[in-house]
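A structural walkthrough
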Amino acid sequence: MIRELEIAKKDLQRKGFLDLPVDSRLDLFDEIERLKKEKNAIVLAHYYQEPDIQDVADYIGDSLGLSQQAAKTDADIIVFAGVHFMAETAKILSPQKKVLLPDLKAGCSLADSAPPELFRKFKEKHPDHLVISYINCSAGIKALSDIICTSSNAEKIIESVPKDQPIIFAPDRNLGAYLAKKTGRNMLLWNGACMVHEIFSLEKITRLKIRHPKAKILAHPECEAAVLEIADYVGSTTGILNFSKKDDAKEYIVVTETGILHQMQKENPGKTFIPAPPNNACACNDCPHMKLNTLEKLYLCMEYETPEITMNEQLRIAAKKPIERMLEISAQAGL
Ligand code: 13P
Ligand code: SF4
């Protein structure tokens, strides 16, 4: 096993995870609980993770909730069951802690749509603009931003900026357009998008609605404007979940990544949740990045404390400022 481990560690960068066999007789739920206690580790999971991972997590949340947890935890190890930019945010906020990500290749198409060097040039062309960036971006983009936002606090963040202040919003053009409409602000948008939320078909959602006329449509603001226009509620994953708990409808069409349905069903056993279909026959409403994490990879990364998120200290300090600004504004707004 020692030799296998050495080979797996050497291969880690190429593969993104520790490719080791897991004994099939192990109860991974028990093993993960044991490792949490032994190592004073906390497992933070995003709602788009597979159900088993959500069930073993200490905290499940949206991007804002996850960054608030990462900033305040007193655990020695943060195990991030999410994508790279989320684990990176945890490291930026808690540099003294070990931050583990089960699969380093769990990236994000939206974050990838904004390469820092191109964004720097774009920003230089508009020196009078304040940069508000959605948290779904790399540390390099965060370091070039004035304030970070998430889908649950973006409106409040924009409203905290004086009305005459020109704004660049990056990297999601759909969220940016939605916010521009909501706040009445004319923002300069970076042309990025999420591969999962862009693929929902307005035509198929409309047909579903005809078959389920009483179903309410709940959509994430990363979706295109035409989809958002027919939604009964638009919000972050936490917002969508909370809406389904408080609202009195019995059926919902859910226009976001399918992972959120696990908690929606758990919290509302008497209600029906229908995942909105993508525009072809693929399972594209599953985020391929989020779904790279598995319970086996989670167990292995906790057992061997790798792959770990590391970061250049200068970059970390520059990226921390706009995240802290976001956390301050969110706290003032009671979020
Ligand atoms: P929230 O959970 O913050 O709504 O973000 C959704 C998302 O796409 C994360 O990658
Ligand atoms: Fe990125 Fe979209 Fe996946 Fe979220 S759902 S991690 S925005 S690719």
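Computed from a predicted structure; not experimentally measured.

Take the overall build of the protein next. Per the secondary structure count, the protein includes 16 helices and 12 strands. Here the protein has a C-alpha radius of gyration of 20 Å; the compact-globule value for 335 residues is 20 Å, and the two agree. Here the contacts in the protein between residues at least 6 apart in sequence split such that 65% fall between residues at least 24 apart. Counting only carbon and sulfur atoms, one obtains 51% of the accessible surface of the protein, whose full area is about 14900 Å². In the protein, which carries 43 positive and 47 negative side-chain charges, the distance between the mean positions of the two groups comes to 3 Å.

With that settled, the discussion passes to the environment of Lys214. Along the chain, Lys214 turns up in the loop between helix H11 (202-211) and strand S9 (216-219). Each C-alpha atom, one on Lys214 and one on Glu328, is 40 Å from the other, the two residues being 114 residues apart in sequence.

All right, on to the site of ligand 1 then. Neighbouring ligand 1 are 13 residues; His46, Ser63, Ser151, His220 and Thr237 lie closest to it. Within the side chain of Asn136, one N or O atom sits 3.3 Å away from an oxygen atom of ligand 1. Between ligand 1 and His220 there is a distance of 2.7 Å, counted from an oxygen atom to a side-chain nitrogen or oxygen.

Next up on the list: the pairing of strand S5 (residues 130-134). With five of five residues buried, S5 lies mostly within the body of the structure. Side-chain alternation along S5 places Leu130, Ile132 and Tyr134 on one buried face and Val131 and Ser133 on a second face that is also buried. Across four bridges, the pairing between S5 and strand S7 (residues 167-170) is parallel. In the strand pairing of S7, Leu130 is matched with Ile167. Pairing of S5 with strand S6 (residues 147-149) involves three bridges; the strand directions are parallel. Residue pairing across strands places Ile132 opposite Ile147, the latter belonging to S6.

Mapped onto the present numbering, the UniProt feature "binding site: iminosuccinate" (unreviewed entry) falls on His46, Ser63, Tyr134, Ile135, Asn136, Ser151, His220, Pro221, Glu222 and Thr237. Looking at the secondary structure, you find Ile135 in the loop between S5 and helix H8 (139-143). What Ile135 contacts, discounting residues up to four positions off in sequence, is Ser63, Ser67, Phe85, Thr89, Lys142, Ile148, Cys149, Thr150 and Met326. Among the structural elements, Asn136 can be located in the loop between S5 and H8. Those residues in contact with Asn136 that lie beyond four places of it in its chain are Ser63, Phe85, Cys108, Leu110, Ala111, Pro171 and Glu222.

This paragraph deals with helix H4 (residues 63-72). Of all 10 residues making up H4, seven are buried, and the element is well covered by its neighbours. Ser63, Leu64, Gly65, Leu66, Ser67, Gln69 and Ala70 are the residues of H4 that are buried. Residues of H4 that are buried make contact with strand S1 (41-46), strand S2 (59-61), strand S3 (77-81), helix H5 (84-93) and helix H16 (313-332).

For the rest of this paragraph, the subject is the pattern of salt bridges. Across all of its chains, the model carries 25 salt bridges by this definition. The residue Arg316 makes a salt bridge to Glu313 at a minimum N-O spacing of 2.9 Å. Taken together, the residues span about one helical turn, with Arg316 and Glu313 both in helix H16 at a distance of three residues.

The subject of this paragraph is the site of ligand 2. Around ligand 2, the surrounding shell consists of Tyr48, Val83, Cys108, Ser109, Asn136, Cys194, Val196, Glu222, Cys287, His289 and Met290. Residues that form the shell around ligand 2 fall into these classes: seven nonpolar, three polar and one charged.

On the secondary structure map, Ser151 appears in the loop between S6 and helix H9 (154-159). Among the polar contacts made by the side chain of Ser151, one reaches the side chain of His220 at a distance of 3.5 Å. For Ser151, the contacting residues outside a window of four places in its chain are Tyr134, His220, Pro221 and Ser236.

Moving on, we get to the nonpolar core. Membership of the largest hydrophobic core comes to 67 residues, with the highest contact counts inside it found for Ile132, Ile253, Val255 and Met326. If one sorts the elements of this core by residue count, H5 sits on top with six residues. Ignoring any residue separated from it by four or fewer positions in sequence, one finds Met326 in contact with Leu64, Ser67, Ile135, Ile147, Ile148, Cys149, Thr150, Asn153 and Ile157. By size, the runner-up hydrophobic cluster in this structure holds 36 residues, among which are Val254, Tyr299, Leu300 and Cys301.

What counts and what doesn't
Residues numbered from 1 in each chain as written. Chains lettered and ligands numbered in written order. Predicted model: local features only at pLDDT ≥ 70, side-chain atom pairs only at ≥ 80, totals over all residues. Heavy atoms only, no water. Helix = DSSP H or I, 4+ residues; strand = E, 2+ residues; numbered from the N terminus. Rg over C-alpha atoms; globule rule 2.2 N^0.38 Å. Contact = heavy atoms within 4.5 Å. Areas by Shrake-Rupley, 256 points an atom, 1.4 Å probe, with all protein chains shown as cover. Lys, Arg positive; Asp, Glu negative; His and termini not counted. Charge placed at Lys NZ, Arg CZ, Asp CG, Glu CD. Near = heavy atom within 4 Å. Polar contact = N/O pair within 3.5 Å; in protein donor to acceptor, adjacent residues only side chain to side chain. Buried < 20%, exposed > 50% of the residue type's maximum accessible area, 1.4 Å probe, protein only. Pairing = 2+ DSSP bridges. UniProt positions renumbered as here; feature names shortened; annotations may be inferred. Salt bridge = Lys/Arg side-chain N within 4 Å of Asp/Glu carboxyl O. Nonpolar A, V, L, I, M, F, W, Y, C, P; charged D, E, K, R; others polar. Core = buried A, V, L, I, M, F, W, Y, C linked by side-chain atoms within 4.5 Å.

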